[in-house]
Amino acid sequence: MSIQEMTAKIGEGQGFIAALDQSGGSTPKALKLYGIEENEYSGEEQMFDLIHEMRSRIMTSPAFTGEKVIGAILFEMTMDRMVEGKPTPSYLWDVKGVVPFLKIDKGLEAEENGVQLMKPMPGLDDLLARAFKLGVFGTKERSVINAANPEGIKAVVDQQFAVGDQVIAAGLMPILEPEVTITIADKAEAEAILREEILKHLDAMPEDKQVMLKLSLPTQANFYKPLVDHPRVLKVVALSGGYARDEANDILSKNTGMIASFSRALSEGLSAKQSDDDFNATLAVAVDGIYKASIAG
């Protein structure tokens, strides 16, 4: 593994990051969208086996390569499993040229002050050390903003950067994800508060440190350009946040320097019932569309 090569691949940003990190709570929905109903499996073990099969099918597809997919975010259980006989992070980088990331958050607290902070992460240092040994480049941690509440948004950003410092200390690159819910009435106002709080932290960071940011697609095109251009930011990536793929791609293409990190929008149209040829063709269309939106502008 070369940290320098991975950093350059992400920093140059000629492609997008696949979000393959559905956790236990979101896995049944992901499987249902993939054409597998809850009555078709029994218990968590079989459920996680099926979601790993889905992820493996995506990762091993000829449509999934480092030419257009520059990174992939993994669920912890995916990181610990094998793809074609290799540990998943090694398979991604050594075989596909895709930079591996790990989702590290343990879910969300109840809403307070219009936001949901991240739950405590016991054992995080041990997880980060294990991820580093497995060749993981970076992490991702998500919190949610449901209102333009200055106190709440400040708390979210403070927590994100505190966790980011812990990740950096472990030798990994943090993706900070303070997601703004796309359906709220005061989304633009929330984005303005969020940008200001993030800039405060970025301006205070040491010159030799960087983070990545994963943000909801903004209401105003290029609203996050000051973050994209900030020297403490390696890359700004966008989550689809519930938009259908075509709409997400259209909005993303208007934001210079932002690239996609889509989950549902990437797997849209894929089915366990498809033949390999149909599956690969469907995935190729998705990859191509998201790639073009990511390098537009």
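Everything below is about the structure printed above this text.
Residue numbering note: each chain is counted from 1, following its sequence as written. Local features in this predicted model are restricted to residues of pLDDT 70 or higher, and side-chain atom pairs are both shown and tallied only at a pLDDT of 80 or more, whereas totals for entire chains, interfaces and linings draw on every residue. Values reported for side chains reflect all heavy atoms of the structure, with hydrogen atoms and water molecules removed beforehand.

Bringing the environment of Ile 295 into the picture now. Helix and strand definitions here come from DSSP, where helices need a minimum of 4 consecutive H or I residues and strands a minimum of 2 consecutive E residues; each element is numbered from the N-terminal end. Note that Ile 295 resides in helix α12 (residues 276–295). A simple rule labels every residue: compare its accessible area, found with a 1.4 Å probe on the protein chains alone, to the largest value its type can have, and call it buried under 20%, exposed over 50%, or partly exposed in between. Judged by relative accessible area, which is 36%, Ile 295 ranks as partly exposed. When the C-alpha positions of Ile 295 and Asn 255 are compared, they lie 9.6 Å apart, and in sequence the two are 40 residues distant. For Ile 295, the contacting residues outside a window of four places in its chain are Gly 13, Gln 14 and Gly 15. Between two residues, a contact is recorded if the distance between any of their heavy atoms is within 4.5 Å.

Tracing the sequence through the fold places Ser 61 in the loop between α3 (43–60) and β2 (69–74). The class of Ser 61 is buried, set by a relative accessible area of 2%. Not counting chain neighbours up to four residues away, the residues in contact with Ser 61 comprise Lys 96, Asn 280 and Leu 283.

Looking now at the packing of helix α6 (residues 124–133) against helix α7 (residues 150–169). What counts as an axis is a line fitted to C-alpha atoms, over the stretch in contact for a helix, and the angles between N-to-C directions run from 0 to 180 degrees. Between α6 and α7, the least distance of the axes is 10 Å, while the angle of their chain directions is 45 degrees. On the basis of the axis angle, α6 is oblique to α7. The element α6 and its partner α7 pack so that their crossing is right-handed. On α7, the residues that touch Leu 124, Asp 125 and Leu 128 of α6 are Val 163, Gln 166 and Val 167. Amino acids outside the nonpolar list (Ala, Val, Leu, Ile, Met, Phe, Trp, Tyr, Cys, Pro) and the charged list (Asp, Glu, Lys, Arg) are all regarded as polar, and Gly is one of them. Classifying every residue of the contact of α6 with α7 by side-chain character gives 4 nonpolar, 1 polar and 1 charged. Should an angle lie under 35 degrees it is considered roughly parallel, over 145 roughly antiparallel, and from 65 to 115 roughly perpendicular; all remaining angles are considered oblique. We call a crossing left-handed when the near helix sits turned anticlockwise from the far one by less than a right angle, and right-handed when that turn is clockwise.

Each Phe, Tyr or Trp ring (for Trp, its six-membered ring) is paired with any other whose centre lies within 6.5 Å, and the angle between the two planes then decides the class: stacked below 30 degrees, edge-to-face above 60, tilted in between. All told, the structure shown has 4 aromatic pairs when counted by the stated rule. With 5.5 Å between their ring centres and 70 degrees between their planes, Phe 223 and Tyr 224 make a pair best called edge-to-face. For Tyr 224, a relative accessible area of 1% corresponds to the buried category. When the ring centre of Phe 279 is taken as reference, the NZ or CZ atom of Arg 57 above it lies at 4.1 Å. When the NZ atom of lysine or the CZ atom of arginine is within 6 Å of a ring's centre and also within 35 degrees of its normal, the charge is said to sit over that ring. For Arg 195, the ring lying beneath its charged end belongs to Phe 223, and the centroid distance is 3.8 Å.

A word on helix α10 (residues 245–252). Listing the buried residues of α10 in full gives Arg 245, Ala 248, Asn 249, Ile 251 and Leu 252. The arc enclosing the buried residues of α10, seen along the axis, measures out at 165 degrees, which places them on a common side. Tucked into the core, α10 has its buried residues touching β10 (233–239), β11 (258–260), α11 (264–267) and α12. Think of it as the arc spanned by the lines of direction from the helix axis to the C-beta atoms.

As a further point, take the pairing of β10. Taken across its 7 residues, β10 has 7 buried, putting it largely inside the fold. Whether two strands pair comes down to DSSP finding at least two bridges between them. The sheet contact formed by strand β9 (residues 211–216) and β10 spans 6 bridges and is parallel. Bridging from a neighbouring strand, Val 211 pairs with Val 233 of β10. Across 3 bridges, the pairing between β10 and β11 is parallel. In the strand pairing of β11, Ala 238 is matched with Ala 260.

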